[in-house]
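# Architecture and fold: a report
Here is what each chain is made of, one letter per residue.
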Amino acid sequence: MQGYRGAARQAATFAAVVAAMAAAFSGCGSDVAPAATGGGGGGGGLAKPALTATGGFQVALDGKTFAIDYSQGEVEVDIVHKLNPDPKGHGCVTSVRMALKKKDGSCQLLLRFEPVGESLRLVEGQFAAALGIRQGGVVVDTLKCAGFPGADAAGEILWAWKGGNAQMTRFTIGPPEASKEKATIADANFTPTGTIDLAHKGKQFSLDVGAIDVQGVATSIGSATVSCGVTQGAEVCPKDAAYGDKVDQYLRRPGGAYSCVDSAAFDFGDFCGKPHVVIVYDHWLASPQRNPDGHDKFGGKAVLEGLAGLLEKYGKEISIALVVRTGSSRVVIENPAKPGTYSASGPAPTLDDCAEIRTKYGIPEDVVVLYDKDKALNSTDKRLFDVSFVPQVGVMDGKGQIRSILPGPDGKLELPAVEAAIEDALSGK
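Because the structure is a prediction, the values reported are computed rather than measured.

Looking now at the nonpolar core. Ranked by size, the top nonpolar core spans 45 residues in total, and within it Phe127, Phe148 and Phe190 carry the most contacts. Take this core: its biggest share by element is 5 residues, from strand 9 (residues 119-135). Aside from chain neighbours lying at most four places away, what touches Phe148 is Val59, Leu61, Phe66, Phe127, Ala129, Trp159 and Phe205.

The following block contains the structure:
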């Protein structure tokens, strides 16, 4: 699974692309407009794309309030898109960097977004309470944001991004612009939502960017080497989700299960980005020790043996995991809550159980097989699904939200019901 590789590396890639393209087009007499820097007006004989900002933000800090409206200021937007060699094709936007400031350049707010799943997520942010004016790389003076708490202190004061949920709607560059190294976006509209957590010297505040809106004509720099972003993995999962074991809650993460390949803890967030199916299986329930007919008659056998058919039918649209919760032998355990009472169960599974199950049911290699080596998934606070039958199946949507739990009250687990649940998750309704 591809995961987010860190803002630092992405920032370096973005900067390199912008610098390389700027160098390539400087002084070459191209009739293509330079990269979007906003503000209108010209320099070097070429008019810059006109972008205007409306709105701003307000915060309370150190017992004081501060509000700013960037409508009378300046805005710069740098965009990078992936070049599409087909003049009729589209190009994904791989980075949007916005810089909003007052006319004098103070109170600068920097926001940079990159694609993660269905949105452009904030990966870099900064607010300048006192922006350094440099000469030879040394700060020789500062441009202070008048009225911001603490801005009058000595030196450069930069509030750095520490988190939050700020994002923008993801968009693409259409034809024929996507095939150009300088693409014009005639009706650009950048409207971030959510909040940013900013910190400086042990202090922190949250900034709501929902009131900021930037519109106008922008330019995007095309590059063949950039990535269209993360489409699957933990970065796509929603933040602050309500985890649980019931329908409409989110599948617990990481989940308490371990990989049958290397015994590493497995995070079900790796499946976010597309619907996924998780099957919980107690191996001892189907063992000859418990049932003379063993693997021939236990409920859910058709589902386990039908996983290859599910993958053949739905291809790469879904992910599937099988969680082995117990080993094959039958054991009798005293109930700690009720001394003197005993119940049958199975031991903690082993890697040998993983291998046996994969072979016995013909589990395809594309199915992730996990095992509950600590035997922790039986407890109500850690179990994956609120159902007493085993095998049990949970079907989640692309965000990890539980859409269906099978079997129902009748205890019957049949393949057509699993297929129906997958269809429901794929529909997105």
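It is the contact of helix 3 (residues 307-314) with helix 5 (residues 415-427), at a shortest axis distance of 12 Å, that shows an interaxial angle of 30°. Taken together, the axes of helix 3 and helix 5 are roughly parallel relative to one another. Once helix 3 is placed against helix 5, the crossing between them reads as right-handed. Of the residues in helix 5, those touching helix 3 at Leu310, Lys313 and Tyr314 are Leu415, Val418, Glu419, Ile422, Glu423 and Leu426. Considered class by class, the residues forming the contact of helix 3 with helix 5 number 6 nonpolar, no polar and 3 charged.

Atomic detail in the predicted coordinates should be set aside for any region of low pLDDT. Put simply, the chain has an average pLDDT of 85, and 85% of its residues get 70 or more. Confidence drops under pLDDT 50 across residues 1-13; counting only partners more than four residues distant or on other chains, this segment forms 22 contacts. Between residues 20-47, whose pLDDT stays under 50, and residues either more than four places distant or in other chains, the model counts 46 contacts.

As a further point, take the packing of aromatic side chains. What the rule picks out here adds up to 13 aromatic pairs. Considering the side-chain rings of Phe268 and Phe271, the 6.4 Å spacing of their centres and the 50° angle between planes classify their relative orientation as tilted. The same class applies to Phe268 as to Phe271, namely buried. Feature note: the residues Phe57, Phe66, Tyr70, Phe127, Phe148, Trp159 and Phe205 constitute an aromatic cluster, connected by ring pairs. The cationic tip of Lys373 hangs over the ring face of Tyr258; the distance from NZ or CZ to the ring centre is 4.4 Å.

This part takes up the side chain of His283. One can find His283 in the loop between strand 21 (276-282) and helix 2 (301-305). His283 sits in the buried class, given a relative accessible area of 0%. Reaching out from His283, the side chain makes a polar contact with the side chain of Glu356 at a distance of 3.4 Å.

A word on the sheet that holds strand 21. Strands pair in a sheet through their backbones, by hydrogen bonds, and they do so in one of two ways: parallel or antiparallel. The mixed open sheet is built from 6 strands, whose spatial order is 20-25-22-21-26-27. In this open sheet, the two edge strands, each paired with only one partner strand, are strand 20 (258-259) and strand 27 (402-406). In this structure, strand 20 lies alongside strand 25 (residues 368-371), joined through 2 bridges in antiparallel fashion. The residue of strand 25 that forms the bridge with Tyr258 is Tyr371. Across the sheet, helix 4 (residues 351-360) is in contact with strand 20, strand 21, strand 22 (319-326) and strand 25; its angle to strand 25 comes to roughly 145°.

The terminal C-alpha atoms of helix 5 lie 19 Å apart, and with 13 residues this matches the ideal 18 Å at 1.5 Å per residue to within 8%. Taken as a whole, helix 5 has its buried residues at Val418, Ala421, Ile422 and Ala425. Buried positions in helix 5, seen along its axis, are confined to an arc of 100° and lie on one side of it. Looking at the packing, one finds that the buried side of helix 5 touches strand 21, helix 2, helix 3, strand 26 (392-396) and strand 27. Once helix 5 finishes, Gly428 follows within two positions and takes phi at roughly 70°, a positive value.

The linkage connecting Pro175 with the following residue, Pro176, adopts the cis geometry, with an omega of -5°. Residue Pro391 is reached from Val390 by a cis peptide bond, and omega for that bond is 0°. Within the secondary structure layout, Pro391 lies in the loop between strand 25 and strand 26. Positive phi, close to 55°, is recorded for Asp240, a residue that is not glycine.

As a further point, take the pattern of salt bridges. Taken as a whole and assessed by the stated rule, the structure comprises 16 salt bridges. A salt bridge links Asp245 to Arg383; its shortest N-O distance comes to 2.6 Å. In this pair, Asp245 sits in the loop between strand 18 (243-244) and strand 19 (250-251) while Arg383 sits in the loop between strand 25 and strand 26, placing the two residues 138 residues apart along the sequence. An identical accessibility class is assigned to Asp245 and Arg383; each is buried. Here Asp386 ties to Lys246 by a salt bridge, and the two come within 3.7 Å at their closest N and O atoms. In this pair, Asp386 is assigned in the loop between strand 25 and strand 26 and Lys246 in the loop between strand 18 and strand 19, connecting sequence segments 140 residues apart.

One can find Lys316 in the loop between helix 3 and strand 22. Sequence separation between Lys316 and Lys274 is 42 residues; the distance between their C-alpha atoms is 8.9 Å.

For the structure on display, the rule yields 4 disulfides. A disulfide bridge connects Cys92 with Cys228, and the sulfur atoms are separated by 1.9 Å. Looking down the S-S bond of the Cys92 and Cys228 bridge, the torsion is -85°, so its handedness is left-handed. Remark: Cys228 occurs in the loop between strand 17 (213-223) and strand 18 and Cys92 occurs in strand 7 (residues 91-101); sequence separation between them is 136 residues. Among the residues examined, Cys92 registers a relative accessible area of 11% and is labelled buried. Disulfide pairing is shown between Cys260 and Cys354; the S-S distance is 2.0 Å. Taking the sign of the torsion about the S-S bond as the criterion, the disulfide between Cys260 and Cys354, at about -50°, is left-handed. One end of the pair, Cys260, is in the loop between strand 20 and strand 21; the other, Cys354, is in helix 4, and 94 residues separate them in sequence. Comparing Cys260 with Cys354 shows no difference in burial state: the two are buried. Take the cysteines of the chain that form disulfides and number them in order along the sequence; they join up as 1-4, 2-3, 5-7, 6-8.

Cut-offs used in this document
Residue numbers restart at each chain and count upward from 1, following the sequence in its written direction. Note on the predicted model: pLDDT of at least 70 is required for a residue's local features to be given, and 80 or more for side-chain atom pairs to be given and counted; whole-chain, interface and lining totals, by contrast, use all residues. Heavy atoms throughout the structure, all of them, feed into the side-chain values; hydrogens and water do not. By convention a nonpolar core is built from buried Ala, Val, Leu, Ile, Met, Phe, Trp, Tyr and Cys residues, the set being connected through side-chain atoms within 4.5 Å. Each residue's exposure class comes from its accessible area (1.4 Å probe, protein chains only) as a fraction of the maximum for that residue type: buried when under 20%, exposed when over 50%, partly exposed otherwise. Helix numbers and strand numbers start at the N terminus; a helix is a DSSP run of H or I with at least 4 residues, a strand a run of E with at least 2. Throughout, a residue-residue contact means that at least one pair of heavy atoms, one from each residue, lies within 4.5 Å. Fitting a line to C-alpha atoms yields each axis, with helices limited to the stretch in contact; the angle taken between N-to-C directions then spans 0 to 180 degrees. Every angle not falling under 35 degrees, over 145, or within 65 to 115 is termed oblique; those three ranges are roughly parallel, roughly antiparallel and roughly perpendicular. When the near helix sits turned anticlockwise from the far one by under a right angle, the crossing is termed left-handed; a clockwise turn instead gives a right-handed crossing. Amino acids are sorted into nonpolar (Ala, Val, Leu, Ile, Met, Phe, Trp, Tyr, Cys and Pro), charged (Asp, Glu, Lys and Arg) and polar (every other residue, Gly among them). pLDDT expresses how confident the predictor is about each individual residue, on a scale running from 0 to 100. Aromatic pairs are defined between Phe, Tyr and Trp rings, using the six-membered ring for Trp, whenever the two ring centres lie within 6.5 Å; interplanar angles under 30 degrees are classed as stacked, those over 60 as edge-to-face, and all others as tilted. By definition, being over a ring means that NZ of Lys or CZ of Arg is both within 6 Å of the ring centre and within 35 degrees of the ring normal. Whenever a nitrogen or oxygen atom comes within 3.5 Å of another N or O atom, the pair is scored as a polar contact, on the condition that within protein one atom can donate a hydrogen and the other can accept it, and that pairs from neighbouring residues in sequence are kept only if both atoms are in side chains. DSSP-based pairing: two strands are paired if at least 2 bridges between them are found. Here, expected helix span is obtained from the residue count minus one, scaled by 1.5 Å. What the arc measures is the spread of directions leading from the helix axis to the C-beta atoms. Whenever Lys or Arg places a side-chain nitrogen within 4 Å of a carboxyl oxygen from Asp or Glu, that contact is recorded as a salt bridge. Disulfides are defined as pairs of cysteine sulfur atoms found within 2.5 Å of each other.

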